[in-house]
Amino acid sequence: MIHIDLNGRAIGNDRPLTLIAGPCQLESADHAQMIAGTLQEACAAYGAGLIFKGSFDKANRTSLSGKRGLGIDEGLKVLQSVKDTLGLPVLTDIHTADQCAPVAEVADVLQIPAFLCRQTDLLIAAGETGAVINVKKGQFLAPWDMPNVISKIESTGNTRIMLTERGTSFGYNTLVADMRSLPQMAATGYPVVMDATHSVQQPGGRGGSSGGQREFAPVMARAAVALGVAAVFIETHEDPDNAPSDGPNMIPLTQMAGLIDMLMQFDQLAKAHPLSI
């Protein structure tokens, strides 16, 4: 069982649950700090770890007119403000090999988007930074194919790797989450993450943007935590219906404390009675 140390907290499939959460897009320093502070208070109350996430660029928007975000320079300033103000580790997506080194100067965790999980140059450049690398399993990829992804990052000497389930393509505009993938990926020894919000996304479901069924995001989180995972990934916003991206599958910020409370209770039960597969 591999554990990753991040700001003094061990992340692993047999360790207390960590929450990876924040808005889909970074909007401003004040907005990021507001969401991060609200999440930090709830996680502290219920014993969850917290990694704040926010994207500086949504490079795979459905439509050319979709809002992409603040950009790398301004986005990294916002992430640094969260670190400086609240002391939280931060995660953001990277899309090209040349982004890896500058982003790793701020971000504690570099996230490989699902569509890019087989891009060798990107994986190697990310691994070479020494940062924690969270790889989202592609919607097109079987869980037992992830060791090939892992080996690319490990070739750099970096074994600070997390693997995220975010649903598998199931016909047009639809994803399905196969919960068997969680223990299958955990068999690698690396920490496994369940992306509860993107797994209920409906890619391109609104024609010019993606739809989603946010009411099922807590279902996905609860089911995954009951199996015993290292972390849950959740996008949240104070007003999801007016968020610049992925609003249909984001959980309202006001609901997060209650959800964290419930997930930590399931996590304690799961870690006390680990699966044997």
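Up top is the structure.
Definitions and cut-offs
The written sequence of each chain sets the order in which its residues are numbered from 1. For a predicted model such as this one, the threshold for reporting local features is a pLDDT of at least 70, and the threshold for listing and counting side-chain atom pairs is 80 or more; totals across whole chains, interfaces and linings nevertheless cover every residue. Water and hydrogen atoms play no part in the side-chain values, which are based on all heavy atoms of the structure. Strands here are runs of E lasting at least two residues and helices are runs of H or I lasting at least four, both read from the DSSP assignment and numbered beginning at the N terminus. Here the radius of gyration uses the C-alpha set of atoms, whereas the globule reference equals 2.2 Å times the residue count to the power 0.38. A 1.4 Å probe rolled over the protein chains alone gives each residue an accessible area, and that area as a share of the maximum for its type sets the label: buried under 20%, exposed over 50%, partly exposed in between. Accessible areas in this description were obtained via Shrake-Rupley with a 1.4 Å probe; residue shielding takes into account the shown protein chains only. Note on charges: Lys and Arg go in the positive column, Asp and Glu in the negative column, and His and the chain ends are not counted at all. By convention, charge coordinates are those of NZ in Lys, CZ in Arg, CG in Asp, or CD in Glu. Pairing between strands is defined by DSSP: at least two bridges between the two strands are required. Any pair of nitrogen or oxygen atoms within 3.5 Å is treated as a polar contact; in protein, a donor-acceptor pairing is required on top of that, and neighbouring residues in sequence qualify only through side-chain atoms on both sides. It only takes one pair of heavy atoms within 4.5 Å for two residues to be counted as in contact. For this analysis, a nonpolar core means a set of buried residues of the types Ala, Val, Leu, Ile, Met, Phe, Trp, Tyr and Cys, connected via side-chain atoms within 4.5 Å.

**Student:** So what's going on with the overall build of the chain? Residues and values would help.
**Tutor:** When helices and strands are tallied, the chain shows eight helices and 15 strands. Since a compact globule built from 277 residues should have a radius of gyration of about 19 Å, the 17 Å found for the chain is in line with a globular shape. Each principal axis of the C-alpha atoms in the chain carries an extent, and together these give about 45 × 45 × 40 Å. Relative to its 277 residues, the chain shows a buried fraction of 52%. For the chain, the exposed area adds up to about 11500 Å²; of that, 50% sits on carbon and sulfur atoms. One finds the centroid of the 20 positive side-chain charges in the chain at a distance of 5 Å from the centroid of its 28 negative side-chain charges.

**Student:** Can you lay out the pairing of strand β5 (residues 90-93) for me, pointing to particular residues and giving the numbers?
**Tutor:** Here β5 shows two buried faces, one formed by Val90 and Thr92 and the other by Leu91 and Asp93. Note: strand β4 (residues 49-53) against β5, two bridges, orientation parallel. Residue pairing in the sheet places phenylalanine 52 in a bridge with valine 90 of β5. Pairing analysis gives three bridges linking β5 to strand β6 (residues 109-112), with the strands arranged parallel. Its bridge partner lying in β6, leucine 91 is registered against valine 109.

**Student:** Tell me what's going on with unusual backbone geometry, and back it up with residues and numbers.
**Tutor:** What you tend to see is this: most non-glycine residues have negative phi, and most peptide bonds are trans. You will see that asparagine 7, though not glycine, has its phi angle at about 55°, which is positive. Of note, asparagine 7 is situated in the loop between β1 (4-6) and β2 (9-11). Of note, asparagine 173 is a non-glycine position whose phi angle comes to about 60°, a positive value. Along the chain, asparagine 173 turns up in the loop between β9 (168-169) and β10 (175-176).

**Student:** Could you give me a rundown of the pairing of strand β14 (residues 231-237), with the residues and numbers involved?
**Tutor:** Burial runs high along β14: seven of the seven residues are buried. Pairing analysis gives five bridges linking strand β3 (residues 18-22) to β14, with the strands arranged parallel. Bridge assignment links leucine 19 to a residue of β14, and that residue is valine 232. Strand direction decides the pairing type here: strand β11 (residues 192-195) and β14, joined by three bridges, are parallel. Bridge assignment links aspartate 195 to a residue of β14, and that residue is phenylalanine 233. Relative to strand β15 (residues 251-252), β14 runs parallel, the two being bridged by two bridges. Its bridge partner lying in β15, threonine 236 is registered against isoleucine 251.

**Student:** Could you give me a rundown of the side chain of serine 81, with the residues and numbers involved?
**Tutor:** Positionally, serine 81 belongs in helix α2 (residues 72-86). Serine 81 sits in the buried class, given a relative accessible area of 14%. Separated by 3.1 Å, the side chains of serine 81 and glutamine 33 make a polar contact. What serine 81 contacts, discounting residues up to four positions off in sequence, is Ala29 and Gln33.

**Student:** Could you give me a rundown of the nonpolar core, with the residues and numbers involved?
**Tutor:** For soluble globular proteins, the rule of thumb is that nonpolar side chains tend to be buried together. Counting residues in each nonpolar core, the largest one holds 65 residues, and the members touching the most others are Leu19, Phe52, Leu110, Val135 and Met256. The dominant element in this core, judged by the number of residues it contributes, is helix α1 (residues 29-46), at six residues. Grouped together as the second largest cluster of nonpolar side chains are 13 residues, Leu6, Ile11, Met162 and Ala230 included.

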